[in-house]
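Commentary on secondary and tertiary structure
Chain residues, written in single-letter form:
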Amino acid sequence: MVNFKGMRFPIDVILVCIRWYAAYPLSYRHLEEMMEKRGVSVDHSTINRWAIRFLPLIEKMARKYKRPVGGSWRMDETYIKVKGVWKYLYRAVDKQGKTVDFLLTAKRDMAAAKRFFDKAMAENGDPHKVGMDKSGANKAALDAINASRYLPIVVRQVKYLNNIVEQDHRAIKRVTRPMLNFKSFRAAGSVLAGIELIHMIRKGQFAIDSADELSFADQFSAFAGMVRPV
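What counts, and at which threshold
- Residues numbered from 1 in each chain as written.
- Predicted model: local features only at pLDDT ≥ 70, side-chain atom pairs only at ≥ 80, totals over all residues.
- Heavy atoms only, no water.
- Phe/Tyr/Trp six-rings, centres within 6.5 Å; stacked < 30°, edge-to-face > 60°.
- Lys NZ or Arg CZ within 6 Å of the ring centre and 35° of its normal.
- Helix = DSSP H or I, 4+ residues; strand = E, 2+ residues; numbered from the N terminus.
- Buried < 20%, exposed > 50% of the residue type's maximum accessible area, 1.4 Å probe, protein only.
- Contact = heavy atoms within 4.5 Å.
- Salt bridge = Lys/Arg side-chain N within 4 Å of Asp/Glu carboxyl O.
- Arc of directions from axis to C-beta.
- Pairing = 2+ DSSP bridges.
- Polar contact = N/O pair within 3.5 Å; in protein donor to acceptor, adjacent residues only side chain to side chain.

1. Looking at the packing of aromatic side chains
Counting across every chain of the model gives eight aromatic pairs. Ring pairs connect the aromatic residues Y65, F206 and F223, which therefore count as one cluster. In this arrangement the basic side chain of K119 is found over the ring face of F102, its NZ or CZ atom lying 4.8 Å from the centre.

Shown next as C-alpha coordinates:
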(Lines give C-alpha, C1' and ligand atoms only; values in the text may rest on other atoms or scores of the structure.)
Protein backbone atom coordinates (compact mmCIF):
# COMPACT_ATOMS: atom_id res chain seq x y z
CA MET A 1 0.00 0.00 0.00
CA VAL A 2 1.33 3.40 -1.00
CA ASN A 3 1.07 6.35 1.33
CA PHE A 4 -0.18 9.35 -0.66
CA LYS A 5 -0.35 11.50 2.45
CA GLY A 6 1.16 14.91 1.88
CA MET A 7 0.78 14.89 -1.90
CA ARG A 8 -0.05 18.43 -3.04
CA PHE A 9 -1.66 17.27 -6.28
CA PRO A 10 -4.70 15.00 -6.73
CA ILE A 11 -3.88 11.34 -7.22
CA ASP A 12 -5.53 11.40 -10.66
CA VAL A 13 -3.09 14.05 -11.85
CA ILE A 14 -0.13 12.05 -10.56
CA LEU A 15 -1.32 8.87 -12.28
CA VAL A 16 -1.98 10.59 -15.61
CA CYS A 17 1.53 12.08 -15.64
CA ILE A 18 3.38 8.89 -14.81
CA ARG A 19 1.22 6.80 -17.16
CA TRP A 20 1.92 9.12 -20.08
CA TYR A 21 5.62 9.12 -19.25
CA ALA A 22 5.79 5.32 -19.18
CA ALA A 23 3.62 4.87 -22.27
CA TYR A 24 4.90 7.43 -24.76
CA PRO A 25 8.24 8.82 -25.97
CA LEU A 26 8.07 12.01 -23.89
CA SER A 27 10.43 13.94 -21.67
CA TYR A 28 9.45 15.38 -18.30
CA ARG A 29 9.52 18.85 -19.83
CA HIS A 30 7.10 17.70 -22.55
CA LEU A 31 4.73 16.55 -19.82
CA GLU A 32 5.11 19.82 -17.94
CA GLU A 33 3.99 21.70 -21.08
CA MET A 34 1.13 19.27 -21.77
CA MET A 35 -0.22 19.61 -18.24
CA GLU A 36 0.10 23.41 -18.39
CA LYS A 37 -2.16 23.41 -21.46
CA ARG A 38 -4.70 21.44 -19.42
CA GLY A 39 -4.67 24.01 -16.62
CA VAL A 40 -2.35 22.10 -14.26
CA SER A 41 0.92 23.79 -13.30
CA VAL A 42 3.39 21.11 -12.28
CA ASP A 43 7.18 21.26 -12.52
CA HIS A 44 9.00 18.60 -14.54
CA SER A 45 11.16 17.72 -11.52
CA THR A 46 8.00 16.92 -9.54
CA ILE A 47 6.82 14.53 -12.27
CA ASN A 48 10.26 12.91 -12.13
CA ARG A 49 9.89 12.28 -8.40
CA TRP A 50 6.41 10.81 -8.91
CA ALA A 51 7.65 8.41 -11.58
CA ILE A 52 10.54 7.17 -9.46
CA ARG A 53 8.34 6.74 -6.39
CA PHE A 54 5.14 5.25 -7.79
CA LEU A 55 5.88 3.36 -11.03
CA PRO A 56 7.73 0.43 -9.43
CA LEU A 57 5.04 0.09 -6.76
CA ILE A 58 2.24 -0.09 -9.34
CA GLU A 59 4.26 -2.60 -11.40
CA LYS A 60 4.70 -4.72 -8.28
CA MET A 61 0.93 -4.67 -7.67
CA ALA A 62 0.26 -5.66 -11.28
CA ARG A 63 2.51 -8.75 -11.06
CA LYS A 64 -0.12 -10.44 -8.89
CA TYR A 65 -2.48 -10.45 -11.89
CA LYS A 66 -0.02 -11.41 -14.62
CA ARG A 67 -1.06 -14.36 -16.73
CA PRO A 68 1.32 -17.37 -16.88
CA VAL A 69 3.86 -17.34 -19.69
CA GLY A 70 4.96 -20.25 -21.86
CA GLY A 71 7.82 -22.57 -20.98
CA SER A 72 9.94 -21.75 -24.05
CA TRP A 73 11.80 -18.50 -23.42
CA ARG A 74 13.90 -16.18 -25.58
CA MET A 75 16.42 -14.23 -23.50
CA ASP A 76 18.66 -11.28 -24.42
CA GLU A 77 20.00 -8.01 -23.02
CA THR A 78 19.90 -4.47 -24.37
CA TYR A 79 21.66 -1.24 -23.41
CA ILE A 80 20.35 1.61 -21.27
CA LYS A 81 22.46 4.72 -20.60
CA VAL A 82 22.64 5.91 -16.98
CA LYS A 83 24.67 9.05 -16.16
CA GLY A 84 26.46 8.67 -19.49
CA VAL A 85 27.44 5.04 -18.86
CA TRP A 86 25.87 2.03 -20.55
CA LYS A 87 24.02 -0.37 -18.25
CA TYR A 88 22.25 -3.59 -19.20
CA LEU A 89 18.57 -4.45 -19.30
CA TYR A 90 18.10 -8.22 -19.29
CA ARG A 91 14.77 -9.30 -20.77
CA ALA A 92 13.00 -12.48 -21.79
CA VAL A 93 9.82 -13.24 -23.73
CA ASP A 94 8.12 -16.55 -24.44
CA LYS A 95 7.72 -17.86 -27.98
CA GLN A 96 4.40 -15.99 -28.31
CA GLY A 97 6.19 -12.73 -27.49
CA LYS A 98 4.73 -12.32 -23.99
CA THR A 99 7.11 -10.65 -21.54
CA VAL A 100 8.54 -13.09 -19.02
CA ASP A 101 10.61 -10.70 -16.92
CA PHE A 102 13.26 -7.98 -16.93
CA LEU A 103 16.16 -6.79 -14.78
CA LEU A 104 18.44 -3.75 -15.01
CA THR A 105 22.03 -4.51 -14.03
CA ALA A 106 25.25 -2.52 -13.79
CA LYS A 107 27.34 -5.23 -15.41
CA ARG A 108 26.99 -7.76 -18.20
CA ASP A 109 28.44 -10.97 -16.83
CA MET A 110 27.54 -14.41 -15.51
CA ALA A 111 26.49 -13.10 -12.09
CA ALA A 112 24.12 -10.54 -13.64
CA ALA A 113 22.62 -13.13 -16.00
CA LYS A 114 22.11 -15.56 -13.12
CA ARG A 115 20.36 -12.86 -11.05
CA PHE A 116 18.02 -12.31 -13.97
CA PHE A 117 17.24 -16.02 -14.36
CA ASP A 118 16.73 -16.44 -10.61
CA LYS A 119 14.27 -13.51 -10.59
CA ALA A 120 12.44 -14.66 -13.71
CA MET A 121 12.10 -18.24 -12.48
CA ALA A 122 10.95 -17.17 -9.01
CA GLU A 123 8.18 -15.06 -10.58
CA ASN A 124 7.21 -17.27 -13.55
CA GLY A 125 8.28 -20.82 -12.80
CA ASP A 126 11.00 -22.77 -14.57
CA PRO A 127 11.23 -22.83 -18.36
CA HIS A 128 11.88 -26.10 -20.16
CA LYS A 129 13.85 -24.38 -22.92
CA VAL A 130 15.73 -21.07 -23.30
CA GLY A 131 16.90 -19.56 -26.57
CA MET A 132 19.75 -17.05 -26.44
CA ASP A 133 22.57 -15.62 -28.52
CA LYS A 134 26.18 -16.79 -28.37
CA SER A 135 26.87 -14.96 -25.11
CA GLY A 136 29.16 -17.08 -22.96
CA ALA A 137 28.06 -15.31 -19.78
CA ASN A 138 24.38 -16.12 -20.33
CA LYS A 139 25.17 -19.74 -21.15
CA ALA A 140 27.41 -20.01 -18.06
CA ALA A 141 24.59 -18.68 -15.87
CA LEU A 142 22.17 -21.36 -17.09
CA ASP A 143 24.87 -24.02 -16.79
CA ALA A 144 25.27 -23.05 -13.13
CA ILE A 145 21.51 -23.31 -12.62
CA ASN A 146 21.36 -26.66 -14.43
CA ALA A 147 24.14 -28.07 -12.24
CA SER A 148 21.71 -28.33 -9.32
CA ARG A 149 18.70 -29.57 -11.31
CA TYR A 150 17.53 -33.12 -11.90
CA LEU A 151 16.01 -32.15 -15.25
CA PRO A 152 18.21 -29.53 -16.95
CA ILE A 153 16.79 -26.60 -18.88
CA VAL A 154 17.52 -26.99 -22.59
CA VAL A 155 19.72 -24.19 -23.93
CA ARG A 156 19.55 -23.29 -27.62
CA GLN A 157 22.07 -20.75 -28.88
CA VAL A 158 20.54 -20.15 -32.30
CA LYS A 159 20.47 -16.53 -33.42
CA TYR A 160 17.21 -16.61 -35.39
CA LEU A 161 15.34 -17.85 -32.31
CA ASN A 162 16.15 -14.55 -30.59
CA ASN A 163 14.66 -12.36 -33.29
CA ILE A 164 11.43 -12.15 -31.30
CA VAL A 165 13.06 -10.73 -28.15
CA GLU A 166 15.33 -8.40 -30.15
CA GLN A 167 12.24 -7.01 -31.89
CA ASP A 168 10.53 -6.67 -28.50
CA HIS A 169 13.40 -4.51 -27.23
CA ARG A 170 12.37 -1.86 -29.75
CA ALA A 171 9.15 -1.04 -27.91
CA ILE A 172 11.15 -0.29 -24.76
CA LYS A 173 13.89 1.68 -26.53
CA ARG A 174 11.30 3.75 -28.42
CA VAL A 175 10.03 5.13 -25.10
CA THR A 176 13.43 5.55 -23.41
CA ARG A 177 15.11 7.33 -26.35
CA PRO A 178 13.60 10.82 -25.67
CA MET A 179 14.56 10.48 -22.01
CA LEU A 180 18.17 11.02 -23.19
CA ASN A 181 19.93 9.93 -20.04
CA PHE A 182 18.81 8.63 -16.66
CA LYS A 183 20.39 10.51 -13.77
CA SER A 184 20.66 7.52 -11.42
CA PHE A 185 20.49 3.74 -11.47
CA ARG A 186 17.48 3.82 -9.13
CA ALA A 187 15.62 6.24 -11.38
CA ALA A 188 16.33 4.07 -14.42
CA GLY A 189 15.09 0.92 -12.70
CA SER A 190 11.92 2.63 -11.46
CA VAL A 191 10.96 4.14 -14.81
CA LEU A 192 11.78 0.95 -16.72
CA ALA A 193 9.42 -0.95 -14.42
CA GLY A 194 6.62 1.37 -15.53
CA ILE A 195 7.56 1.11 -19.21
CA GLU A 196 7.64 -2.68 -19.04
CA LEU A 197 4.27 -2.68 -17.25
CA ILE A 198 2.62 -0.61 -19.98
CA HIS A 199 4.19 -2.87 -22.62
CA MET A 200 2.76 -5.97 -20.91
CA ILE A 201 -0.68 -4.36 -20.60
CA ARG A 202 -0.67 -3.65 -24.33
CA LYS A 203 0.14 -7.31 -24.95
CA GLY A 204 -2.85 -8.41 -22.86
CA GLN A 205 -0.84 -10.14 -20.17
CA PHE A 206 -3.03 -9.40 -17.15
CA ALA A 207 -6.08 -11.24 -15.86
CA ILE A 208 -8.36 -8.58 -14.44
CA ASP A 209 -12.12 -8.13 -14.82
CA SER A 210 -13.08 -7.11 -18.37
CA ALA A 211 -9.41 -6.67 -19.27
CA ASP A 212 -10.08 -7.30 -22.96
CA GLU A 213 -12.61 -4.47 -23.00
CA LEU A 214 -10.38 -1.93 -21.26
CA SER A 215 -7.79 0.32 -22.90
CA PHE A 216 -4.23 0.10 -21.62
CA ALA A 217 -4.84 3.44 -19.84
CA ASP A 218 -7.88 2.05 -18.01
CA GLN A 219 -5.98 -1.10 -17.05
CA PHE A 220 -3.12 0.98 -15.67
CA SER A 221 -5.63 3.00 -13.67
CA ALA A 222 -7.19 -0.24 -12.42
CA PHE A 223 -3.84 -1.38 -11.03
CA ALA A 224 -3.18 2.07 -9.62
CA GLY A 225 -6.60 1.94 -7.98
CA MET A 226 -5.37 -1.02 -5.99
CA VAL A 227 -2.83 1.38 -4.48
CA ARG A 228 -5.03 3.21 -2.00
CA PRO A 229 -4.22 6.38 -0.03
CA VAL A 230 -3.97 6.05 3.74
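The structure having been displayed, the exposition proceeds.
2. Some thoughts on the environment of W20
Following the sequence through the fold, W20 ends up in helix α1 (residues 11–23). Under the relative-accessibility criterion, W20 is labelled buried at 16%. W20 sits 181 residues away from I201 along the chain, and the two C-alpha atoms are 14 Å apart. Excluding residues that lie within four positions of it along the chain, W20 makes contacts with L26, L31, M34, M35 and R38.

3. Details of the pattern of salt bridges
For the structure on display, the rule yields eleven salt bridges. D126 serves as the salt-bridge partner of R149, at 2.6 Å between the closest nitrogen and oxygen. Pair noted here: R149 is in the loop between α5 (136–146) and β5 (154–156) and D126 is in the loop between α4 (110–124) and β4 (129–131), with a separation of 23 residues, a long-range link. One salt-bridge network, held together by shared partners, links E59, R63, D101, K119 and E123.

4. Concerning helix α2 (residues 28–37)
Restricting attention to buried positions, one finds in α2 the residues Y28, L31 and M35. Buried residues along α2 cover an arc of 55° about the axis, so they all sit on one side. Residues of α2 that are exposed and point over 90 degrees away from its buried face: R29, E33 and K37. One or two positions beyond α2, positive phi appears at G39, with a value near 85°.

5. Comments concerning the pairing of strand β2 (residues 85–94)
With eight of ten residues buried, β2 lies mostly within the body of the structure. Connecting the antiparallel pair strand β1 (residues 72–82) and β2 is a turn made up of two residues, with K83 showing a positive phi of about 55°. Sheet analysis places β2 next to strand β3 (residues 99–105), joined by six bridges and oriented antiparallel. Residue pairing across strands places R91 opposite F102, the latter belonging to β3. A loop of four residues connects β2 with β3, the two strands running antiparallel in sequence, and G97 in this loop sits at a positive phi of about 90°.

6. Here's the deal with α5
The set of residues buried in α5 consists of N138, A141, L142, I145 and N146. Taken around the axis of α5, the buried residues stretch over an arc of 135°, which confines them to a single face. Where α5 is buried, its residues contact β1, β2, α4, β4 and β5. Residue S135 occupies the N-cap position of α5, its side-chain oxygen lying 3.4 Å from the main-chain nitrogen of A137.

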